[in-house]
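Spelled out from the first residue to the last, the chains are:
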Amino acid sequence: MSPFFRRGSGRVTPEQAHRLVADGQAVLLDVRETQEWNAGHAPGALHLPLTRLMAGAPLPTAAEGKRVVAVCRSGNRSRTAADLLTAAGLEATDVTGGMTAWARQGLPVTGVNGSGGVIA
């Protein structure tokens, strides 16, 4: 098991998250609300708002059986999501600083139509 994905583990930086996803070691799960997702998200990320996850919605099919790196705008909601997922027995962590830090580090952000996105 990766040190990033143990129960109660520390968080990952945006660069670490990007590398984990690019290397196929995890999926990126954006837990922001739909309007935030539509404004801009990481290419290839999956979307499931924290409100739906807390209500018991299942993970997107593409995340089933995989390690999950949760991300939100600043890192608060994603920490809650990672805690929920690990409590359910999944390997999960989250991104320190969220999508704000992701964009600040120059990592890619796209809008719903494939154009350059913004962090809302």
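All values derive from a computational prediction rather than experimental measurement.

Each value, and the rule that gives it
- Residues numbered from 1 in each chain as written.
- Predicted model: local features only at pLDDT ≥ 70, side-chain atom pairs only at ≥ 80, totals over all residues.
- Heavy atoms only, no water.
- Helix = DSSP H or I, 4+ residues; strand = E, 2+ residues; numbered from the N terminus.
- Expected span 1.5 Å × (residues − 1).
- Buried < 20%, exposed > 50% of the residue type's maximum accessible area, 1.4 Å probe, protein only.
- Arc of directions from axis to C-beta.
- Contact = heavy atoms within 4.5 Å.
- Salt bridge = Lys/Arg side-chain N within 4 Å of Asp/Glu carboxyl O.
- UniProt positions renumbered as here; feature names shortened; annotations may be inferred.
- Polar contact = N/O pair within 3.5 Å; in protein donor to acceptor, adjacent residues only side chain to side chain.
- Pairing = 2+ DSSP bridges.
- Right-handed = clockwise from strand over helix to strand, strands pointing away.

Visitor: Run through helix α4 (residues 76–87), naming residues and quoting values.
Guide: Taking 1.5 Å per residue as the helical rise, α4 with its twelve residues ought to reach 16 Å, and the 17 Å between its terminal C-alpha atoms agrees with that figure. When we look at burial in α4, the residues that qualify are S78, A81, A82, L85 and T86. Viewed end-on, α4 has its buried residues packed into an arc of 130°, placing them on one side of the element. In this structure, α4 carries N76 and A87 as exposed residues pointing more than 90 degrees from its buried face. Tucked inside the fold, the buried residues of α4 contact β1 (27–30), α3 (50–54), β3 (68–71) and β4 (92–94). Remark: G89 follows α4 within two positions and exhibits a positive phi of approximately 95°.

Visitor: Could you give an account of the pattern of salt bridges, naming the residues involved and the relevant values?
Guide: Tallied over the entire structure, the rule returns six salt bridges. Linking R67 and E91 is a salt bridge whose minimum nitrogen-to-oxygen distance equals 3.2 Å. On the criterion of sequence distance, the pair formed by R67 in the loop between α3 and β3 and E91 in the loop between α4 and β4 is long-range, its members being 24 residues apart. Under the relative-accessibility criterion, R67 is labelled partly exposed at 21%. Notably, a salt bridge pairs D83 with R79, separated by 3.1 Å at the nearest N-O pair. Here R79 and D83 lie together in helix α4, a separation of four residues that amounts to about one turn. When salt bridges that share partners are traced, they join R11, R79, D83 and D94 into one network.

Visitor: Give me the lowdown on the UniProt feature "domain: Rhodanese" (unreviewed entry) in the protein chain, citing residues and values where you can.
Guide: If you check UniProt for "domain: Rhodanese" (unreviewed entry), the listed places come out as residues 22–111 in our numbering. Helix makes up 34% of residues 22–111 and strand 14%, whereas the separation of the span's terminal C-alpha atoms amounts to 19 Å.

Visitor: Describe in detail the side chain of D30, supporting the description with residues and values.
Guide: The topology assignment puts D30 in strand β1. At a separation of 2.7 Å, a polar atom in the side chain of D30 contacts the side chain of R32. Once residues within four sequence positions are removed from consideration, D30 is found in contact with W37, H41, L46, H47, L48, P49, V71 and M99.

Visitor: Residues and numbers for the pairing of β3, please.
Guide: Burial along β3 is two-sided: V68 and A70 facing one way and V69 and V71 facing the other are all buried. Of the strand pairs in this sheet, β1 and β3 are connected by four bridges, and their pairing is parallel. Bridge assignment links D30 to a residue of β3, and that residue is V71.

Visitor: Any details on the pairing of β1? Residues and values, ideally.
Guide: Covered by surrounding structure in β1 are V27 and L29 together with L28 and D30, the residues of both alternating faces. As paired elements, β1 and strand β2 (residues 46–47) share two bridges and run parallel to each other. Bridging from a neighbouring strand, L29 pairs with L46 of β2. A crossover connection joins β1 to the parallel β2 through helix α2 (residues 34–39); in handedness this β-α-β unit is right-handed.

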